[in-house]
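Each chain, written out:
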Amino acid sequence: MTMPKIAIACQGGGSQTAFTAGVLKTLFDNDIHHQRHIVGLSGTSGGALNAALAWYGLLKAAKGDMTPIGKRIADFWEDLAAKEPVERLLDEMTMAELRGVAEGMIPEYEISPSSPVMKWMQSILSLYLPRKKFTDFRGLLEDHIKFDEIESLLEPTSPVLLVGAANVKRGTLKIFSSRAGEITVEAILASACIPTIFPAVQIGEEYFWDGLFSSNPPVNPLAQPRLVGKENIPQEIWIVFINAITCENIPTKPHEIVDRRNEMIGNVSLLQDLHMLAAFERAFEKGGLALEVWKELGFDTENWIKLRLIQMSKPLLDSLDYASKLSRAPEHIHRLMDDGAKQARKLLANLSEPAFTVAEAGRVLTGQK
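No experiment lies behind these values; they were computed from the predicted model shown. (Residues numbered from 1 in each chain as written. Predicted model: local features only at pLDDT ≥ 70, side-chain atom pairs only at ≥ 80, totals over all residues. Heavy atoms only, no water.)

### Observations concerning the nonpolar core
Working step 1: I8, L27, F28, L41, I73, W77 and W238 are the most contacted members of the largest nonpolar core, which totals 63 residues.
Working step 2: Broken down by element, this core gets its largest block of residues, ten residues, from helix α3 (residues 46-62).
Working step 3: Apart from residues lying up to four places away in sequence, W238 is in contact with I6, A7, I8, A9, L27, I32, R36, R308, I310, L347 and L351.
Working step 4: I175, V219, L307 and L365 belong to the second largest nonpolar core, which has 25 residues in total. (Core = buried A, V, L, I, M, F, W, Y, C linked by side-chain atoms within 4.5 Å. Buried < 20%, exposed > 50% of the residue type's maximum accessible area, 1.4 Å probe, protein only. Helix = DSSP H or I, 4+ residues; strand = E, 2+ residues; numbered from the N terminus. Contact = heavy atoms within 4.5 Å.)

Below you can see the structure in the form of structure tokens.
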């Protein structure tokens, strides 16, 4: 019996994407890859990191590696978390400063991450940290994903990984695709490059920032043969959300405005993607969009892809602020992962229910009937 084809798209959101780690770990711990044919994964920023860890685990498992995919994901987040007393102190000080700025209690001073001052501060900081990898994100990534062996792991039947980033100079979206041999440590770093924290990542002659600006996460690229191959077009895309789509009250306090603005910026590209796909879906159904035109737009399917949505529990979502996207406190990460596990189990229990059409998903997310 042929397994249904699915792809998983992971939204970015800093350390809050520990929620996504909990989702993916639980899905793989429950052998979702033996019940569904995972043909693609995509992500932006922290979502790209989680998607890459899962994708790498799938590639290794296909070659007979016995390390559970969920363990690979959990191990990375365990290493990322602040462990030593000085790491925890640094995390607490950073959170206090960010929240003080958001409340208007502390003046905000912008320092370029490329400046000599910032580089000097980072070098001094590293002297007092017992784990050098705590501030070496590249080294941490390379500890958990052996990028130099990816080429030898890839097969024609391997799932595709898509990573979203923004080209700084051109102002355009960039999708790094494993099908094009573009998945490197630099591609993941580019997708997670928050401009106020990291210098733009150079790849070839181009420079990249966080994919938050352009695709968060890549959804419709998962349905485009030029990026994933015709054989990897999914029947369903499962989207893991980090940011709240709607809010109940109009923000008035400084920190509320900061939080809501960040959520809206993080969601705008995704909502536009869904709106566009829903419009195409409707036009196609009514005979106003010929299959030939659909193919010219980069797609190649006569069967519309359905969506499943994975979101945080409302109590957890309501308790988070923008600053917490940069927190590496272990209790914060574990709380997010635990909720991710809970939401993944809920999804697995309801797989017999029909998935949403694109239009239905858009209405559900934005609170429309």
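The structure having been displayed, the exposition proceeds.
### A closer look at the pattern of salt bridges
When their charged atoms lie close together, side chains carrying opposite charge are able to pair.
Working step 1: The tally for this structure, following the rule as stated, stands at 19 salt bridges.
Working step 2: The shortest N-O distance in the salt bridge between R88 and E331 comes to 3.1 Å. Of this pair, R88 sits in helix α5 (residues 85-102) while E331 is found in helix α14 (residues 330-349), placing the two residues 243 residues apart along the sequence.
Working step 3: A relative accessible area of 28% means that R88 is categorised as partly exposed. (Salt bridge = Lys/Arg side-chain N within 4 Å of Asp/Glu carboxyl O.)

### Details of the pairing of strand β2 (residues 37-44)
Working step 1: Across the eight residues of β2, seven count as buried, placing the element largely inside the fold.
Working step 2: Sheet topology places strand β1 (residues 5-10) next to β2; six bridges connect them, and they run parallel. Counterpart to I8 in the pairing with β2 is L41. (Pairing = 2+ DSSP bridges.)

### A look at the packing of helix α4 (residues 69-80) against helix α7 (residues 137-144)
Think of two packed helices as two axes; the pair is described by the angle between the axes and how far apart they sit.
Working step 1: At their nearest, the axes of α4 and α7 sit 10 Å apart, and the two run at 155° to each other. The orientation of α4 relative to α7 falls into the category roughly antiparallel. You can see that α4 and α7 cross each other, and the crossing is right-handed. Contacts between α4 and α7 involve R72, D75, F76, D79 and L80 from the former and F137, L140, L141 and H144 from the latter.
Working step 2: Residue classes in the contact of α4 with α7 are distributed as five nonpolar, one polar and three charged. (Axes fitted to C-alpha atoms, helices over the stretch in contact; angles between N-to-C directions. Parallel < 35°, antiparallel > 145°, perpendicular 65-115°, else oblique. Left-handed = near helix turned anticlockwise from the far one by under 90°. Nonpolar A, V, L, I, M, F, W, Y, C, P; charged D, E, K, R; others polar.)

### Overview of the environment of T20
Working step 1: The residue T20 is located in helix α1 (residues 18-29) in this model.
Working step 2: Residues T20 and L227 lie 207 residues apart in sequence; the distance between their C-alpha atoms is 23 Å.
Working step 3: When neighbours within four sequence positions are excluded, T20 is seen to be in contact with C10, Q11, N50, V240 and I242.

### Quick notes on the state of the cysteines
Working step 1: Throughout the structure, instances matching the rule amount to zero disulfides.
Working step 2: Between C10, a free cysteine, and C193, which holds the nearest cysteine sulfur, the sulfur-to-sulfur gap is 20 Å.
Working step 3: Residue C10 is classed as buried on the basis of its relative accessible area of 0%. (Disulfide = S-S within 2.5 Å.)

### Observations concerning the packing of aromatic side chains
Working step 1: Per the stated rule, a full pass over the model turns up two aromatic pairs.
Working step 2: Ring centres of F76 and W77 lie 6.1 Å apart, and the angle between their planes is 80°; on these two criteria the pair is classed as edge-to-face.
Working step 3: You can call F76 buried: its relative accessible area is 0%.
Working step 4: Seen in terms of ring centroids, F176 and F208 are 5.3 Å apart; in terms of plane orientation they differ by 65°. Their pairing is edge-to-face. With F176 in strand β4 (residues 172-177) and F208 in strand β6 (residues 206-210), the pair connects residues that are 32 residues apart, well separated along the chain.
Working step 5: Judged by its relative accessible area of 4%, F176 is buried.
Working step 6: Over the ring of F176 we find K174; its NZ or CZ atom is 5.3 Å from the centre of that ring. (Phe/Tyr/Trp six-rings, centres within 6.5 Å; stacked < 30°, edge-to-face > 60°. Lys NZ or Arg CZ within 6 Å of the ring centre and 35° of its normal.)

### Quick notes on the layout of surface pockets
Working step 1: Estimates place the volume of the second largest pocket at around 700 Å³.
Working step 2: Together, 24 residues line the second largest pocket, and A244, T246, C247, E263 and D318 are the ones closest to its centre.
Working step 3: Elements represented by at least two residues in the lining of the second largest pocket include exactly α11 (254-285), α13 (314-319) and α15 (358-365).
Working step 4: Among the elements that make up the lining of the second largest pocket, the one with the highest residue count is α11 (five residues).
Working step 5: Of the residues that constitute the lining of the second largest pocket, the class distribution is twelve nonpolar, five polar and seven charged. (1 Å grid on protein atoms, 1.4 Å probe; cavity = no way out; pocket = protein on both sides within 12 Å on 5 of 7 lines; lining within 4 Å. Points joined across faces, edges and corners; volume = space filled by probe spheres on them.)

### Notes on the side chain of R328
Working step 1: For R328, the location among the structural elements is in the loop between α13 and α14.
Working step 2: At 2.9 Å, the side chain of R328 and the backbone oxygen of F134 are in polar contact.
Working step 3: Every residue in contact with R328, bar those within four places of it in the chain, is listed here: L80, A81, A82, D91, F134 and I333. (Polar contact = N/O pair within 3.5 Å; in protein donor to acceptor, adjacent residues only side chain to side chain.)

### Observations concerning unusual backbone geometry
Working step 1: Cis geometry is found at the peptide bond from N216 to P217, where omega equals -5°.
Working step 2: Note on placement: P217 falls in the loop between β6 and α10 (225-228).
Working step 3: Notably, D31 is not glycine yet its phi reads approximately 60°, a positive angle.
Working step 4: The residue D31 is located in the loop between α1 and α2 (32-35) in this model.
Working step 5: Classification of D31 by relative accessible area gives partly exposed; the value is 36%.
Working step 6: For S45, which is not glycine, the phi dihedral falls at a positive 55°.
Working step 7: Among the structural elements, S45 can be located in the loop between β2 and α3.
Working step 8: Classification of S45 as buried rests on a relative accessible area of 6%.

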